[in-house]
Amino acid sequence: MIDYSLYLCTDSNINKDYDIAECVRQAIIGGVTIVQVREKTKNTDEFYLIAKKIKAITDNYNVPLIVNDNIDVALKINADGVHIGQDDISCLEARKILGENKIIGVTVTTLAEAKIAIEQGATYLGVGAIYKSKTKPDAKIVSPDEFNKIINYSKIPIVVIGGINESTISNFKNYNISGYAMIRPILAKSNIIDSTKKIKNIIISN
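Quick caveat: nothing in here was measured; it's all calculated off a predicted structure.

Colleague: Is there a simple way to think about the packing of aromatic side chains in this case?
Modeller: The geometry of an aromatic ring pair is captured by two quantities: the separation of the ring centres and the angle between the planes. Evaluated as defined, the whole model comprises six aromatic pairs. Aromatic pair Phe172 and Tyr180: ring centres 6.0 Å apart, planes at 65 degrees, arrangement edge-to-face. Since its relative accessible area comes to 3%, Phe172 is described here as buried. Aromatic rings pair up to connect Tyr131, Phe147, Phe172, Tyr175 and Tyr180 into one cluster.

Dropping the structure here:
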């Protein structure tokens, strides 16, 4: 069973005190349960080196590592899986390449997209953006109606993404949510371990 509860996506440009691998290490100590390498400003070589370095950390702590939208890098570092969006390779093709045992997450904003992802073999759904965020200000926001439809339909885990933080976690108290994905609420803090612990406690008590 995969614990999606506190899902960290990386951005090596946010924290100026530590490199991203050290940020990930501290976040895992604080309670992060799964990590996605998401480095939108890096070229392929830079992305690979970051992913390789983070893989050593996640392996050490036995935490699953997901690679955003780069199957080649995922295969090279033997990541636990990939996360893809609607404009990336299809879940069906990704599953053919990666095989049955890898994790594949798919970002969805509508019930129609969720149905396709599930039919094509997605392991979990990343539903969002739920709220506007600094990370992806132009992201499509999921309507409350579509959100409820996805929640009611899906038999696979759902991770909410987009504007998720200490203040918004409680909004999902009555929903069957498996995890909360975030970047800045963890990485933008001076004390990553303590900040992550606080978020973890909010999730546990939600």
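Colleague: Whenever I open this one, the packing of helix H1 (residues 20-30) against helix H2 (residues 44-61) confuses me. Can you help?
Modeller: For any two helices packed against each other, the geometry is given by the interaxial angle and the distance between the axes. Between H1 and H2, whose axes approach to 9 Å, the crossing angle comes to 25 degrees. It follows from the interaxial angle that H1 and H2 lie roughly parallel. When the axes of H1 and H2 are compared, the crossing they make is right-handed. Taken together, the residues of H2 that come into contact with H1 (itself represented by Ile20, Ala21, Val24, Arg25, Ile28 and Ile29) are Ile50, Lys53, Ile54, Ile57, Thr58 and Tyr61. A breakdown of the residues in the contact of H1 with H2 according to their chemical character gives nine nonpolar, one polar and two charged.

Colleague: What's the story with the pairing of strand S5 (residues 103-108) in this structure? I'm lost.
Modeller: Side-chain positions along a regular strand alternate between the two faces of the sheet. By the criterion of burial, S5 is predominantly enclosed, with six of the six residues buried. A two-sided burial pattern is seen for S5, the buried positions comprising Ile103, Gly105 and Thr107 on one face and Ile104, Val106 and Val108 on the other. Both strand S4 (residues 81-84) and S5 contribute to a ladder of four bridges, which runs parallel. Within S5, the residue paired with Gly81 across the bridge is Ile103. Note: S5 against strand S6 (residues 124-127), four bridges, orientation parallel. Across the sheet, Gly105 pairs through a bridge with Tyr124, a residue of S6. Handedness of the S5-helix H5 (residues 111-119)-S6 crossover: right-handed.

Colleague: Where do I start with helix H6 (residues 144-153) in this structure?
Modeller: In an α-helix, one turn spans 3.6 residues; hence positions three or four apart end up facing the same way. Every buried residue belonging to H6 is among Glu146, Phe147, Ile150 and Ile151, and all of these are buried. Down the axis of H6, the buried set is contained in an arc of 135 degrees. They therefore lie on one face. Across H6 from its buried face, at more than 90 degrees, point the exposed residues Pro144 and Asn152. On its buried side, H6 packs onto S5, H5, S6 and strand S7 (158-160).

Colleague: Is there a simple way to think about the pattern of salt bridges in this case?
Modeller: It is possible for side chains of opposite charge to pair when their charged atoms get near one another. This structure, assessed with the given rule, holds seven salt bridges. A salt bridge links Asp59 to Lys55, with the nearest nitrogen and oxygen atoms 2.9 Å apart. Taken as a pair, Asp59 and Lys55 lie in helix H2 at a separation of four residues, close to a single helical turn. The partner of Asp145 in a salt bridge is Lys149, and the shortest N-O contact between them spans 3.3 Å. Note that Asp145 and Lys149 are positioned in helix H6 at a spacing of four residues, about one turn of the helix. Residue Asp145 is classed as partly exposed on the basis of its relative accessible area, which comes to 46%. Taken together, the shared-partner salt bridges in this structure form one network comprising Asp145, Glu146 and Lys149.

Colleague: Even after reading the chapter, I still don't get the side chain of Lys200, so can you show me in this structure?
Modeller: The topology assignment puts Lys200 in helix H8 (residues 192-205). No salt bridge is formed by the buried Lys200; the nearest opposite charge belongs to Asp3, separated by 4.3 Å. A polar contact of 3.2 Å, which involves the side chain of Lys200, links it to the backbone oxygen of Gly31. When near neighbours in sequence (up to four residues on either side) are disregarded, Lys200 contacts Asp3, Ser5, Leu6, Gly30, Gly31 and Thr33.

Cut-offs used in this document
Residues numbered from 1 in each chain as written. Predicted model: local features only at pLDDT ≥ 70, side-chain atom pairs only at ≥ 80, totals over all residues. Heavy atoms only, no water. Phe/Tyr/Trp six-rings, centres within 6.5 Å; stacked < 30°, edge-to-face > 60°. Buried < 20%, exposed > 50% of the residue type's maximum accessible area, 1.4 Å probe, protein only. Axes fitted to C-alpha atoms, helices over the stretch in contact; angles between N-to-C directions. Helix = DSSP H or I, 4+ residues; strand = E, 2+ residues; numbered from the N terminus. Parallel < 35°, antiparallel > 145°, perpendicular 65-115°, else oblique. Left-handed = near helix turned anticlockwise from the far one by under 90°. Contact = heavy atoms within 4.5 Å. Nonpolar A, V, L, I, M, F, W, Y, C, P; charged D, E, K, R; others polar. Pairing = 2+ DSSP bridges. Right-handed = clockwise from strand over helix to strand, strands pointing away. Arc of directions from axis to C-beta. Salt bridge = Lys/Arg side-chain N within 4 Å of Asp/Glu carboxyl O. Lys, Arg positive; Asp, Glu negative; His and termini not counted. Polar contact = N/O pair within 3.5 Å; in protein donor to acceptor, adjacent residues only side chain to side chain.

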